[in-house]
Amino acid sequence: MDKMPKWADVILTPLISLLLAMIISALVILAIGESPTMALKTMVDGALGSSYGWGFTLYYTTNFIFTGLAVAVAYHASLFNIGGEGQAMVGGLGVALVCLALPWPHWGIALPAAMVGAALFGAAWALIPAYLQAKRGSHIVITTIMFNFIAAALLNYVLVNLLRPVGSMDPASARFPEGTHLPALTDMAAALGMEWGRNTPVNITFFIAIVACVLVWLLIWRTRLGYEIRAFGRSEPAAMYAGISPVRITVIAMLISGGLAGLMAINNVMGESERLVLNAVEGAGFIGIAVALMGRNHPFGVFLAALLFGFLYQGGGELALWTSIPRELIIVIQALVILFTGALDNMVRMPLERLFLAMRKRGDA
Amino acid sequence: MDFATIIQILDSAVRLMTPLLLACLAGLYSERSGVFDIGLEGKMLMAAFTSASVAFVTGSAWLGLLAGIAGSMALSLIHGLASITFRGNQLISGVAINFLASGMTVLLGIKIFGLGGRTPALTDGGRFNEVTLPFADALRDVPFLGPIYSELISGHTILVYVAFALVPLTWWVLFRTRFGLRLRAVGENPASVDTAGVSVTRLRFAAIALAGILCGLAGAYLATGLSAGFVKEMTAGRGFIALAALIFAKWRPWSALFATFLFGLLEAIANRYPNLDLGIVTVPSMFMNALPYILTVIILAGFVGRAIPPRAGGEPYVKER
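Residues numbered from 1 in each chain as written. Chains lettered and ligands numbered in written order. Predicted model: local features only at pLDDT ≥ 70, side-chain atom pairs only at ≥ 80, totals over all residues.

- Where an unreviewed UniProt entry is consulted, chain A appears under the name ABC transporter permease, with the organism given as Paracoccus maritimus.
- Note on chain A: under the UniProt heading Subcellular location (unreviewed entry), the record states "Cell membrane". (UniProt positions renumbered as here; feature names shortened; annotations may be inferred.)

Next up, the structure:
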C-alpha cells in the first residue's frame, strides 16, 4: 500500500518544494537589500501583464517544453540526460543546414524539413552516449556532459570556419532565406483581426511544442514502446526477464530524447534569430532538467513547469531592466528549484508520509 | 620550437594544471567514498568568488584562501545534506550546486562591487606571490638543468607546490591509513563498513568535507594566484575537465597527476598556438579545447583501458529497510 494518496505525491510535494525554493529566493532578494514583493510584482507585470510580456514568456516556454520533454523521456528509462544543451545546439546546426541548403519557397515546406533536420541532428548527438551506455556501460551522465562541451567546440569551429559568410566577423551563419520565415503568433492574431504581442518572438513552434506534449504522453502511456521504456526504467532485471532488450530501449529512449532537445532549435534558430549564432541555446537545455523534475516527468507537468520557467525567464529580464536586481537571480531560483524538487525531495516527502500515516491511523481507530 | 619555448609551454601547463589537479583530488576523495560529485565546477567558482572578495577587502591572500575554503565548504555541506542525509539523487544535487554558484557569485558580485560581476583587481597583498626557490637565480645559467629549475620548477605560487604535495599525501592517506581503507570500502561496499561498526554517514561527510577544502584551494588559486580577481564564470568548465581527468586517472592519485598535466598541457598548447600547424593538417584551437572531453569519452568507452568507478558510487546508503 502506498504511504500517501496519489494526489499528494503528484501535486502536494512539488508544490511544497516550489514554495520552499521561493521562500529561500525571497530571502536571497532580502539579503541583497531589495524587496521580494516589489520583485514579484515587477516580474508578474513584465511577464504576464501585457500581450508583449506573454509573447516572450510563451517563446521561452516553447524552448523549455522541448528540453523538459527530452529530459522526461530519458528519465522514464531511468537515464539522466544532461546533454540537452549540446543536443539542442547540434539540432540548431541541423536546422541551419536545412534552411541554407535550398531557396525554400514557403515556410510550410521548409518547416517539416527543418524539423527532420533538427530532430535527426539532436538524436545523432545523443546516439553515441546512448550506445556507450548500453554496450560499454559508460555512465550516461558523464558522457552527455562531455558531449555538451564537444558540441560547443564543434559549433564554434563550424560557425567560424565553415558557415560564416565571407567578410563577416561575427561567428554566425548567413541569414536564412525569406521562405523559411515562420509565422509569429502576432501575425496569426493579426490575420484574425486582433492585435496581440507585437514584436515578440513566439511563433508557430509553440503549437508544435503542445503537440509534442500530447505525443509524448501517448508514447509513454499508450504504446508498447512506452510501456517497455517505463518497465526498463523501473527495473532492468524485470524488463530483461520480460524479453525487453536493454540495449534497444536505452538507444531508442535516448534517440527520442535527443530528437526532442534538437527540435527546440525550430523555435530559437528558425523562429527567432533566423540564422545560427554561437550559444543560441542559452542554457535552455539545463533548464529542461529543472522543468522535468518540477513536472514530475509527465508531459502536462512539463508544460506547466515550462510555463513557470518561461515566466521566471521573462520576468527575470524585466527585473534586470527596471530594478537593480541582476538577471542572475533567475539562475539562483532555478538552482533552488532543482535542489528542492530534485535532490532534497525526501526532505519534503518523509515528513509528509509520516503525516499521512498518522492521519490514516487516526481514521482507522 | 626551441628549448626556451618548450620550457615556457611546460611552465604554463604547470600553472593551468594546478586548479585541475586540486579539483580532481577533491573529486577523488568524494567519489572514492561513493558520492558522485559533478558540483566541482560550482564549488570552485564559489571559492574563487569568496576568496577574491575577502582578499580584496582585507588585502590578505591568506584570509582570502580561508574564505574560499568556507565558500566551497558551504556548498559541500548542501551536497552532503541532499545526497547523504536525505538520500537524494547525487547527480541532481551536483547540477543544482553548479547553478547555485553560477547565480550567487554574479548576484553577490554585482551587489557588493557593482562591476558587472567582477571583483576589483587584486593588488600585491591580495594575491599569492611567486615563490623563488633557493638558488633559482644562481643556477639560471647552468645549461639545460638551469632553466628547468629556475623557470619551470621555481617561480610558482605556494598553492602550486601544495597541490603537487597533495598527490603523494592523498596516495598515503587512501592506501596506507585506516581512514583511507574505510573510505575506499565505503565506496565499494558500504554495508560491510556499517557491519564493522563504522558510520557510513560520518565517513562520507568527511570525504565531502575534504572535497570542499580542496575545491576551495582550487578556486582560491584561480582567483588569487593564476589571475588577479574574480571574473564571472571564471572556472569555464575546469570542474568538468577535472571530472574528466578523474575518470581518465581511474580514480587514482598518481594517475590524476598525469591526467591533469596532460589536460593542462593541451590547454597551454591551445593558448600558445591557436591554430597548430602540424605540416599535414592544421589543428584548430577548438579541437585542442575539446580534446580532454573526447579523450575521456574514449577512455569511458573502454577501448583504451577500462575505467571502472567505485561500485557503490551514486547510491545513497540505506541503513535499514
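### Re the overall build of chain A
Here comes step 1: A count of helical and extended segments in chain A gives 15 helices and zero strands.
Here comes step 2: For chain A, whose C-alpha radius of gyration is 21 Å, the value lies close to the compact-globule estimate of 21 Å for 365 residues.
Here comes step 3: Judged by the C-alpha coordinates and their principal axes, chain A covers about 80 × 55 × 40 Å. (Helix = DSSP H or I, 4+ residues; strand = E, 2+ residues; numbered from the N terminus. Rg over C-alpha atoms; globule rule 2.2 N^0.38 Å.)

### Some remarks on the overall build of chain B
Here comes step 1: Secondary structure assignment for chain B yields 12 helices and four strands.
Here comes step 2: On C-alpha atoms alone, chain B measures out to a radius of gyration of 20 Å, which is about the 20 Å that the 2.2 N^0.38 rule sets for 321 residues.

### A look at helix α2 (residues 40-58) of chain B
Residues and elements named next belong to chain B.
Here comes step 1: Relative to the 27 Å expected for 19 residues at 1.5 Å per residue, α2 spans 26 Å between its end C-alpha atoms, a close match to the ideal helical length.
Here comes step 2: Here α2 lies mainly inside the structure; 17 of its 19 residues are buried.
Here comes step 3: Gly 59 lies just past α2 and shows a positive phi near 75°. (Expected span 1.5 Å × (residues − 1). Buried ≥ 20, exposed ≤ 12 C-beta atoms within 10 Å, placed from the backbone.)

### Here's the deal with the interface of chain A and chain B
Here comes step 1: Facing the 34 residues of chain A at the interface are 37 residues of chain B.
Here comes step 2: Among the secondary structure elements, those contributing two or more residues to the side of chain A that touches chain B are α5 (107-136), α6 (140-163), α12 (284-294), α14 (329-343) and α15 (345-364) of chain A.
Here comes step 3: Grouping the amino acids of the side of chain A that touches chain B by side-chain chemistry returns 24 nonpolar, seven polar and three charged. (Contact = placed C-beta atoms within 7 Å. Nonpolar A, V, L, I, M, F, W, Y, C, P; charged D, E, K, R; others polar.)

### Regarding α5 of chain A
Residue and element names in this part refer to chain A.
Here comes step 1: End to end, α5 covers 42 Å across 30 residues, agreeing with the expected 44 Å (1.5 Å per residue, within 8%).
Here comes step 2: The largest bend along α5 measures about 30° and falls at Leu 127, with the proline Pro 129 one to four residues further on.
Here comes step 3: One or two positions beyond α5, positive phi appears at Gly 137, with a value near 70°. (Bend = angle between axes of the 7 residues up to and from the residue.)

### A closer look at unusual backbone geometry
Residue and element names in this part refer to chain A.
Here comes step 1: One non-glycine residue with positive phi stands out, namely Glu 282, at about 50°.
Here comes step 2: Topologically, Glu 282 is positioned in the loop between α11 (246-273) and α12.
Here comes step 3: By the C-beta count within 10 Å, which is 14 here, Glu 282 ends up partly exposed.

### Concerning the confidence of the model for chain B
Here comes step 1: Overall, the prediction assigns chain B a mean pLDDT of 86, with 97% of residues at 70 or greater.
Here comes step 2: Two numbers describe this predicted complex: its pTM, 0.89, and its ipTM, 0.87. (pLDDT = per-residue confidence, 0-100.)

### Side note on the nonpolar core
Here comes step 1: Counting residues in hydrophobic clusters, the biggest one holds 226 residues, and the most contacted among them are Leu 69 and Ile 338 of chain A together with Ala 23, Ala 218 and Ala 245 of chain B.
Here comes step 2: With 15 residues, helix α3 (residues 51-76) of chain A is the largest single contributor of residues to this core.
Here comes step 3: Those residues in contact with Leu 69 of chain A, other than ones at most four positions away along the chain, are Ala 212, Cys 213, Val 216, Leu 260, Pro 299 and Val 302 of chain A. (Core = buried A, V, L, I, M, F, W, Y, C linked by C-beta atoms within 7 Å.)

### Quick notes on the environment of Ala 335 of chain A
Here comes step 1: Note on placement: Ala 335 of chain A falls in helix α14.
Here comes step 2: Its 25 C-beta neighbours within 10 Å are what place Ala 335 of chain A among the buried residues.

### With respect to the environment of Ala 268 of chain B
Here comes step 1: Within the fold, Ala 268 of chain B resides in helix α11 (residues 253-272).
Here comes step 2: Sequence separation between Ala 268 of chain B and Asp 11 of chain B is 257 residues, and the spatial gap between their C-alpha atoms is 8.8 Å.

### Remarks on the packing of helix α2 (residues 36-48) of chain A against helix α13 (residues 299-322) of chain A
Residues and elements named next belong to chain A.
Here comes step 1: Where α2 meets α13, the closest approach of the two axes is 8 Å, and the angle between their N-to-C directions is 115°. With respect to α13, the element α2 is oriented roughly perpendicular. The hand of the α2/α13 crossing is right-handed. Contact residues: Ala 39, Thr 42, Met 43, Val 44, Gly 46, Ala 47 and Leu 48 in α2; Phe 311, Gln 314, Gly 315, Glu 318, Leu 319 and Trp 322 in α13.
Here comes step 2: Taken together, the residues that form the contact of α2 with α13 break down as eight nonpolar, four polar and one charged. (Axes fitted to C-alpha atoms, helices over the stretch in contact; angles between N-to-C directions. Parallel < 35°, antiparallel > 145°, perpendicular 65-115°, else oblique. Left-handed = near helix turned anticlockwise from the far one by under 90°.)

### A short note on the environment of Gly 84 of chain A
Here comes step 1: By the element assignment, Gly 84 of chain A lies in helix α4 (residues 84-101).
Here comes step 2: Between the alpha carbons of Gly 84 of chain A and Ala 261 of chain A there is a distance of 5.5 Å; along the sequence they are 177 residues apart.

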